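The chain contents come next:
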Amino acid sequence: TNTTTLPQGGRVIDHDSNVVLSGEFVRYQEGVFVELKEAIVEGAFGNLAAPDIELDIDAQTLHARGQVQFDGGELVIQALSVMFFLEPDIAIVRGDVFGDAPRLEGASLVIDTESQQAILVGPYTYQDGPFTLSGQTADDILLVRWEGEETDGSFQVTTDIDIDVRERLLGFLTLASI
């Protein structure tokens, strides 16, 4: 099967997706997949760290499971799982979603790193200074937007979401089997 295992760990660079994958244990098949344990992935989208990460090279998707930490520069999120579509730079974050920047909690978060916006799926809470916004059901969603590389904590939120943005981003939830 031409599978290579690096039991002491190592680093793999996927030039097609322009990501660097490092882990304490690495198993890969060139052009097919990379599996890592206690791993970090660095890419244009930011950094992703998790106990288990798999890159499906053909599908251009990253699956991270366990106590996942995503640092997109502007967004810093923790969750139980993340599926990242490397084309078109969309992350599906699920399971105990928690963010420090901005301060949020929710059932799921769909992040479009390229357009710098995300949809927080309820039930959720979003805190902005002394104000807290909340949605009680899975039908409640909140659009979070930011600008620039470093936002200095400046985010805009709204429940009035353009139908095209809503359908495009929420459509990824049905594609993500994580």
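Residues numbered from 1 in each chain as written. Predicted model: local features only at pLDDT ≥ 70, side-chain atom pairs only at ≥ 80, totals over all residues. Heavy atoms only, no water.

A. The arrangement of the overall build of the protein chain in detail. When its secondary structure is counted, the protein chain shows one helix and 13 strands. Relative to the globule expectation of 16 Å for 178 residues, the C-alpha radius of gyration of the protein chain, 16 Å, shows essentially globular dimensions. With the principal axes as the frame, the protein chain shows a C-alpha extent of 55 × 30 × 30 Å. Counting across all 178 residues of the protein chain, residues that qualify as buried make up 43%. In the protein chain, 33% of the contacts between residues at least 6 apart in sequence involve partners at least 24 apart. Summed over its atoms, the accessible surface of the protein chain is roughly 9,200 Å², and 46% of this surface lies on carbon and sulfur atoms. Counting 9 positive and 31 negative side-chain charges, the protein chain places the centres of these two groups 5 Å from one another. (Helix = DSSP H or I, 4+ residues; strand = E, 2+ residues; numbered from the N terminus. Rg over C-alpha atoms; globule rule 2.2 N^0.38 Å. Buried < 20%, exposed > 50% of the residue type's maximum accessible area, 1.4 Å probe, protein only. Contact = heavy atoms within 4.5 Å. Areas by Shrake-Rupley, 256 points an atom, 1.4 Å probe, with all protein chains shown as cover. Lys, Arg positive; Asp, Glu negative; His and termini not counted. Charge placed at Lys NZ, Arg CZ, Asp CG, Glu CD.)

B. Broad picture of the side chain of Gln-117. Relative to the helices and strands, Gln-117 resides in strand E10 (residues 117-128). A distance of 3.2 Å separates polar atoms of two side chains, one belonging to Gln-117 and the other to Ser-115. Those residues in contact with Gln-117 that sit more than four places away from it in its chain are Val-110, Ile-111, Asp-112, Leu-143, Val-144, Arg-145, Trp-146, Val-165, Arg-168 and Leu-169. (Polar contact = N/O pair within 3.5 Å; in protein donor to acceptor, adjacent residues only side chain to side chain.)

C. A look at the packing of aromatic side chains. The tally for this structure, following the rule as stated, stands at five aromatic pairs. The interplanar angle of 35° and the centroid separation of 4.3 Å between the aromatic rings of Phe-45 and Phe-84 together place this pair among those described as tilted. In this pair, Phe-45 sits in the loop between strand E4 (33-43) and strand E5 (46-56) while Phe-84 sits in strand E7 (residues 76-85), placing the two residues 39 residues apart along the sequence. Three or more aromatic residues link up through ring pairs in this structure, and these residues are Phe-45, Phe-70 and Phe-84. (Phe/Tyr/Trp six-rings, centres within 6.5 Å; stacked < 30°, edge-to-face > 60°.)

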